[in-house]
Amino acid sequence: MKFSSSFLALAAGLTFLLNAGPAAAATTVITFEDLVEGTPLSTQYNALGVNFVANAFSGMGSSSSGQAWASNTDMTVTAIDLHGFGGPALVSGKLLHNYSGFLNEDGDASFWINFSAPVGSVSMDFAGISKPADTRLFVYNGSTLLGIVSASGSAGQQTLGYSATSITKIGVAPGSVTDWVGVDNLKFEAAAPVPEPATYALMAIGLGALLAKRRGGSKA
């Protein structure tokens with residue numbers, strides 16, 4: 001059976017629409033290297049679509065310390081090498097969570113990472129972990145808790161991450177009141193775009209036209 005050039009062009013266009021996936025999302029990486037040591041972290045990265053807020057949780061905590069959540073979580077950027085990070089080497093340079101500030105916390109530290117637009121994946125590096133189960137990410141889409149990721153295995157440095165269709169904020173518990181843990185290298189990718197209804201409508205119209213043209217050609 002022979003097809004006209006217009007039929008073949010329409011078929012090629014529809015094949016492209018069906019096979020073309022969303023463009024790969026760019027990864028944003030925040031290392032804190034651009035901040036001055038001693039800076040309290042909050043809204044410095046608004047332009048990148050993210051901000052940080054201390055004291056994500058309140059009331060009784062859920063770590064091995066048996067203590068309440070801190071009301072004065074330290075959010076200071078530090079460059080002090082405590083020589084107690086452990087391995088493997090994931091962090092470097094400046095970190096979030098000053099050791100002196102940690103010593104003054106009145107409970108288990110926690111903070112929010114809020115995204116101005118939903119992201120599809122997020123990860124962070126943690127260093128100085130001695131009680132892995134107390135280092136956690138609480139992942140949310142709005143007020144819905146999607147999941148909790150905890151460090152596991154041996155102490156030292158670990159990367160925690162999570163992927164979902166839509167992540168709007170992360171509650172970070174770096175470590176308990178008895179375990180200083182530094183935070184570095186926040187990475188996140190924008191959520192994959194959902195195809196517009198007009199795209200589906202165009203595909204449906206095109207498929208209908210293909211079928212009609214093919215039936216007409218078979219009768220000729």
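Calculation notes
- Residues numbered from 1 in each chain as written.
- Predicted model: local features only at pLDDT ≥ 70, side-chain atom pairs only at ≥ 80, totals over all residues.
- Heavy atoms only, no water.
- Core = buried A, V, L, I, M, F, W, Y, C linked by side-chain atoms within 4.5 Å.
- Buried < 20%, exposed > 50% of the residue type's maximum accessible area, 1.4 Å probe, protein only.
- Helix = DSSP H or I, 4+ residues; strand = E, 2+ residues; numbered from the N terminus.
- Contact = heavy atoms within 4.5 Å.
- Pairing = 2+ DSSP bridges.
- Phe/Tyr/Trp six-rings, centres within 6.5 Å; stacked < 30°, edge-to-face > 60°.
- Lys NZ or Arg CZ within 6 Å of the ring centre and 35° of its normal.

*Asks:* Tell me about the nonpolar core, and name the residues and values.
*Replies:* Of all hydrophobic cores here, the largest spans 30 residues; its most connected members are Phe52 and Ile113. Take this core: its biggest share by element is eight residues, from strand S5 (residues 111-129). What isoleucine 113 contacts, discounting residues up to four positions off in sequence, is Val50, Asn51, Phe52, Met124, Thr168, Lys169, Ile170, Val172 and Leu186.

*Asks:* Requested: an account of the pairing of strand S6 (residues 136-141), with residues and values cited.
*Replies:* For S6, the tally of buried residues reaches five of six residues, placing the bulk of the element in the interior. Sheet analysis places S6 next to strand S7 (residues 144-150), joined by six bridges and oriented antiparallel. Each bridged residue has a counterpart across the sheet, and for arginine 136 the counterpart in S7 is serine 150. Where S6 folds back onto S7 in an antiparallel hairpin, the turn is made up of two residues, including glycine 142, whose phi is positive at roughly 65°. Sheet topology note: the S6/strand S8 (residues 156-173) ladder contains five bridges and is antiparallel. The partner of tyrosine 140 across the bridge, within S8, is lysine 169.

*Asks:* Let's hear about the packing of aromatic side chains: which residues, and what values?
*Replies:* For any pair of aromatic rings, the description rests on two quantities: the centre-to-centre distance and the angle between the ring planes. In total, this model carries 13 aromatic pairs according to the counting rule given. Summarising the aromatic geometry, the rings of tyrosine 45 and phenylalanine 52 are spaced 6.4 Å apart at their centres and angled 70° between planes, so their arrangement reads as edge-to-face. Feature note: the residues Phe57, Trp69, Trp112, Phe138 and Tyr140 constitute an aromatic cluster, connected by ring pairs. Note that lysine 169 overlies the ring of tryptophan 112, its terminal NZ or CZ placed 4.3 Å from the centroid. Positioned above the aromatic ring of tyrosine 140 is the side chain of lysine 169, whose terminal nitrogen or guanidinium carbon lies 5.3 Å from the ring centre.

*Asks:* An account of the pairing of S8 is needed here, citing residue identities and associated values.
*Replies:* Looking at chain direction, S5 and S8 are connected through twelve bridges and run antiparallel. By the bridge assignment, phenylalanine 126 is partnered in S8 with glutamine 158.

*Asks:* Quick one: what's the story with unusual backbone geometry, residue by residue and with numbers?
*Replies:* With an omega of -5°, the peptide bond running from glycine 87 to proline 88 counts as cis. Its location among the elements puts proline 88 in the loop between strand S3 (77-78) and strand S4 (95-96). A positive phi angle, near 65°, is found at asparagine 55, a position not held by glycine. Within the secondary structure, asparagine 55 sits in the loop between strand S2 (50-54) and S3. Since its relative accessible area comes to 27%, asparagine 55 is described here as partly exposed. The phi torsion at histidine 97 lies on the positive side, around 105°, for a residue other than glycine. For histidine 97, a relative accessible area of 3% puts it in the buried group.

Don't take any of this as a statement about function, it's just geometry.
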